[in-house]
Amino acid sequence: MDTPLLPLCTVSFKFHVSLIIVDVWSGVEGSIIGVNYGTVANNLPPPEQVARFLSESTIISSVRLFDTNADILRAFAHTGIAVTVTATNDQIPNLTRIEFAQEWLKFNVRPYIPATNIVRIFVGNEVISTANKLLIASLVPAMETLHTALVGASLDRRIKISTPHSLGILSDSSPPSTGKFRQGYDTHVLKPLLRFLRDTNSPFMINPYPFFGSSPETLDYALFRPSSAGVLDENTRLSYTNMLDAQLDSVFSAMKLLGFSDVEIVISETGWPSLGDSSQAGVDAESAAEYNRNLMQHVTSGAGTPLMPNRTFETYIFALFNEDLKPGPTCERNFGLFRPDMTPVYDIGILRSTVAAASKFHHAAYFSVLTIGLLIISNHG
């Protein structure tokens, strides 16, 4: 009577192990986890080497560039990696003119496609936070004009346009349900911007950094630690177990207030430094690894946030490399996942060897149990 049950147990275990293997691969690799490829350094490897490393040795599927560096764009040809390029802030006023927008596309995008998989153009970076009236007033017109140029080149379905924002666009963010855009910018800039994004099926890009919002008292909350007591939003009675969710839901609430809760939110930058000044909490490789590892698990899990449940978030980690020429405090030069020699500053499971090793372990577990099951069957006749 026992004998027929043994194959059934073996099949059941096989199914369980297969789920684990699928989770190892699709939980991260199947979702969009990208990196910000900054180049404010004098010791970085050649772009060809970087592109080959990302495509052959990591599970990174997307990169964001802060300009339209020709050498980098050529290097990513035929890698399949999705590339976001940036029209820099100083180019925004000129991009409001269709002739300039067409020329910009002609020289900065069209020579590299389709070999290089350019999928998105950022018009500036954190423009509203600059407080530059000309840049802010020109932002949406520049996006609209560049989109018109894309339509004229029949590239509007292939390439989308957006612009990243810091959390400084919010006047209220705590609790998350009270999230609100800064007065004046809300109706005159962000409302037409969100309308453009909806009309062109493009996402709203946000740069949330729990690191900059954390303190020694809230470090567990910022690092996704289970030990965090969490925060209760008294208005919604929803509980927040990590700071990132609270930051994202604050942005969502602000968008909802303007009538754009249907526009997708993408995390264009987030990260944690591995080194910083003594006055900063949690600036070490262990904390950086913990944040980025938990981040990837969370945004690809499908759990979503309290106000945006059951969804994943396209996410770009800042940054690919430590950048030794960046100004500011020590932490600004130490957000990199990799050193210039492309060895990891810490391990968060994005190297293909890590994934392969995990997959190999689970295959070995299955075959071991299958062998044991066959031996038991043999012993029972």
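Please read these numbers as outputs of a predicted model, since none were measured by experiment. (Residues numbered from 1 in each chain as written. Predicted model: local features only at pLDDT ≥ 70, side-chain atom pairs only at ≥ 80, totals over all residues. Heavy atoms only, no water.)

(A) How the structure looks around the packing of aromatic side chains. Applying the stated rule across the entire model yields 15 aromatic pairs. With a centroid separation of 6.2 Å and 65° between ring planes, the pair formed by Tyr 37 and Phe 321 is classed as edge-to-face. Here Phe 321 lies in the loop between strand S13 (315-317) and helix H11 (352-379) and Tyr 37 lies in strand S1 (residues 33-37), a separation of 284 residues in the sequence. What makes Tyr 37 buried here is its relative accessible area of 4%. (Phe/Tyr/Trp six-rings, centres within 6.5 Å; stacked < 30°, edge-to-face > 60°. Helix = DSSP H or I, 4+ residues; strand = E, 2+ residues; numbered from the N terminus. Buried < 20%, exposed > 50% of the residue type's maximum accessible area, 1.4 Å probe, protein only.)

(B) Fine view of the sheet that holds strand S9 (residues 204-207). Taken together, the nine strands give an open sheet; going across it, the order is S5-S4-S3-S2-S1-S13-S12-S9-S6, and neighbouring strands pair in parallel fashion. Pairing within the sheet leaves two strands with one partner each, and these edge strands are strand S5 (160-162) and strand S6 (164-166). In this sheet, neighbouring strand axes are inclined to one another by 25° on average, regardless of whether the strands run parallel or antiparallel. Pairing between S1 and S13: three bridges, direction parallel. Across the sheet, residue Ile 33 finds its bridge partner in S13, namely Thr 315. Each of S5, S6 and S9 is contacted by helix H6 (residues 185-199), which is oriented at about 125° to S9, the strand it contacts most. (Pairing = 2+ DSSP bridges. Axes fitted to C-alpha atoms, helices over the stretch in contact; angles between N-to-C directions. Contact = heavy atoms within 4.5 Å.)

(C) Quick peek at the pattern of salt bridges. Taken as a whole, this structure holds nine salt bridges when the rule is applied. A salt bridge links Asp 71 to Arg 74, with the shortest nitrogen-to-oxygen separation between them at 2.9 Å. Taken together, the residues Asp 71 and Arg 74, both in helix H3 (residues 70-75) and three residues apart, mark about one turn of the helix. A salt bridge links Glu 290 to Arg 225; its shortest N-O distance comes to 3.0 Å. One end of the pair, Glu 290, is in helix H10 (residues 285-300); the other, Arg 225, is in the loop between helix H8 (219-222) and strand S10 (231-233), and 65 residues separate them in sequence. A network of salt bridges, in which partner residues are shared, links Asp 220, Arg 225 and Glu 290. (Salt bridge = Lys/Arg side-chain N within 4 Å of Asp/Glu carboxyl O.)

(D) Geometry of the pairing of strand S4 (residues 118-123). Burial runs high along S4: five of the six residues are buried. Summarising the sheet, strand S3 (residues 82-87) and S4 pair through five bridges and their orientation is parallel. Across the sheet, Thr 84 pairs through a bridge with Arg 120, a residue of S4. As a crossover connection, the stretch from S3 through helix H4 (residues 98-108) into S4 is right-handed. One ladder, built from three bridges, connects S4 with S5; its direction is parallel. Counted as the bridge partner of Phe 122 is Ser 162 from S5. (Right-handed = clockwise from strand over helix to strand, strands pointing away.)

(E) Here's a closer look at the pairing of S9. What you see with S9 is no split at all: Phe 204 and Ile 206 on one side and Met 205 and Asn 207 on the other are buried throughout. The pairing of S6 with S9 spans three bridges and is parallel. The partner of Ser 166 across the bridge, within S9, is Asn 207. As paired elements, S9 and strand S12 (residues 265-270) share three bridges and run parallel to each other. Across the sheet, residue Ile 206 finds its bridge partner in S12, namely Ile 267.

(F) Structural detail: the nonpolar core. Of all hydrophobic cores here, the largest spans 102 residues; its most connected members are Ile 121, Phe 181 and Phe 204. Here this core gets nine residues from one element, more than from any other, and that element is helix H5 (residues 133-152). (Core = buried A, V, L, I, M, F, W, Y, C linked by side-chain atoms within 4.5 Å.)

(G) Highlighting the environment of Asn 294. Within the secondary structure layout, Asn 294 lies in helix H10. In the structure, Asn 294 is positioned 71 residues away from Leu 223 in sequence and 7.5 Å away in space, judged by C-alpha atoms. Beyond its immediate chain neighbours, meaning those up to four positions away, Asn 294 contacts Leu 223 and Phe 224.

(H) Quick peek at the packing of H5 against H6. In the contact formed by H5 and H6, the axes pass within 10 Å of each other and the chain directions differ by 15°. Compared by their axis directions, H5 and H6 come out roughly parallel. Considering the relative orientation of H5 and H6, their crossing is left-handed. Facing Ile 136, Leu 139, Val 140, Met 143, Glu 144 and His 147 of H5, the residues of H6 in contact are Tyr 185, Val 189, Pro 192, Leu 193, Phe 196 and Leu 197. (Parallel < 35°, antiparallel > 145°, perpendicular 65-115°, else oblique. Left-handed = near helix turned anticlockwise from the far one by under 90°.)

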